[in-house]
Amino acid sequence: MTTLYPTLEADLACPSRYVRTQLHKEPSLAPFASTALGKEVHGRIATSLRLGLPVNQGAFRLPRRVMLSEGEKLDDLLNRAQRGLARFEADYRPNLEGEAHRVEAFVEWKLELDGKPVRFVGKLDLLLGQEIWDWKTGNPGGSREQLRLYLFLAYGATGNPPRLARAVGLESGEEVVEPWSEEIIPWGYARLRRMQESLCTALANPKALNPGRACRYCPYAHACSASQAPGRYLLDTRTGEVTELAAQSLVTE
Ligand code: SF4
């Protein structure tokens, strides 16, 4: 059975990166600081909502080594993460108190797509009645398609159309809201077919490289001859030592 999920197409932007990260789970030198902080923010919000307690706004504990992309500064990333938590605490948590909700809700829809069994799965940050909420540590501006896929997934998994999906920009306070519409049903099926085709193409050519936007946060970019990623640095969070990761050529097989 094929497993599809809402962010699969973004993962498949470069087949080689997808196969190495998602299928082979190859280790990387270090996580990106932005990714580690994003996970931490999501985790603290989920804990706060589960326990009905104020969100932990204490200092972040990062892994010993993190990767920074050119132009990123750890202090800026930490400040942004702190501002996101502060906004959640000030603007969102009080209104969610006492409301029935599910946090990090795993949703699964088993269906047949052109005669083939498919699992369409996803984890929803917050299910609040008929609303799906997605916390964004970055700009929520480009979230509309993802929100539509969440609506389609929730519709398929429960048999009931949700009311809307909302992306909440924790730093900016900007929100993107996508209401349910019947048009999402044929659109969603078309997207699943496209995902399935892209997946087949990637699995047939697991070493295919597709340099471009996918390279920026690709964990293997410094060792990929085709990379278009900006420079990257390894930061030792205890000593503050920074090492530039020189791009190597002709490393990929
Ligand atoms: S650096 Fe770019 S082209 Fe190379 S594997 Fe990563 S995403 Fe693909």
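The structure presented is a predicted model; accordingly, all values stated were derived computationally and were not measured.

About the criteria used
Residues numbered from 1 in each chain as written. Predicted model: local features only at pLDDT ≥ 70, side-chain atom pairs only at ≥ 80, totals over all residues. Heavy atoms only, no water. Phe/Tyr/Trp six-rings, centres within 6.5 Å; stacked < 30°, edge-to-face > 60°. Helix = DSSP H or I, 4+ residues; strand = E, 2+ residues; numbered from the N terminus. Buried < 20%, exposed > 50% of the residue type's maximum accessible area, 1.4 Å probe, protein only. Lys NZ or Arg CZ within 6 Å of the ring centre and 35° of its normal. UniProt positions renumbered as here; feature names shortened; annotations may be inferred. Pairing = 2+ DSSP bridges. Axes fitted to C-alpha atoms, helices over the stretch in contact; angles between N-to-C directions.

A short note on the packing of aromatic side chains
Moving on, step 1. Evaluated as defined, the whole model comprises ten aromatic pairs.
Moving on, step 2. Ring geometry for Phe88 against Trp135: centres 5.4 Å apart, planes inclined by 85°, an arrangement best described as edge-to-face. With Phe88 in helix α4 (residues 74–96) and Trp135 in strand β5 (residues 131–136), the pair connects residues that are 47 residues apart, well separated along the chain.
Moving on, step 3. Taking the relative accessible area as the measure of exposure, Trp135 reaches 3% and is therefore buried.
Moving on, step 4. Where Trp133 meets Trp135, the ring centres are 5.7 Å apart and the plane angle is 75°; that geometry is what we call edge-to-face.
Moving on, step 5. With a relative accessible area of 8%, Trp133 lands in the buried category.
Moving on, step 6. Put simply, the rings of Phe88, Tyr92, Trp133 and Trp135 touch in pairs and so form one group of aromatic residues.
Moving on, step 7. Stacked on the ring of Tyr220, the Lys or Arg Arg20 has its end atom at 3.9 Å from the ring centre.

Re the UniProt feature "domain: PD-(D/E)XK endonuclease-like" (unreviewed entry) in the protein chain
Moving on, step 1. The feature "domain: PD-(D/E)XK endonuclease-like" (unreviewed entry), as annotated in UniProt, sits at residues 8–224 in this numbering.
Moving on, step 2. The distance from the first to the last C-alpha atom of residues 8–224 is 22 Å, and the span holds 42% helix and 22% strand.

A short note on the pairing of strand β6 (residues 164–169)
For a regular strand, side chains alternate in direction, first toward one face of the sheet and then toward the other.
Moving on, step 1. The element β6 is largely enclosed, with a buried count of six among its six residues.
Moving on, step 2. Judged by which residues are buried, β6 turns out to be covered on both faces: Leu164, Arg166 and Val168 on one side and Ala165, Ala167 and Gly169 on the other are all buried.
Moving on, step 3. Relative to β6, β5 is paired through six bridges, and the arrangement is parallel. In the sheet register, Trp135 faces β6, and the bridge partner there is Val168.

Observations regarding the sheet that holds strand β9 (residues 242–245)
Moving on, step 1. Sheet architecture is open: three strands sit in the order β2-β8-β9, paired in antiparallel fashion. The sheet is open, and its two borders are formed by β2 (65–69) and β9, each paired with just one other strand. Going from strand to strand, the sheet's axes swing by 30° on average, the running direction of each strand aside.
Moving on, step 2. Direction of pairing for strand β8 (residues 232–236) relative to β9: antiparallel, over a ladder of four bridges. Looking at the pairing, Leu235 lines up with Val242 of β9.

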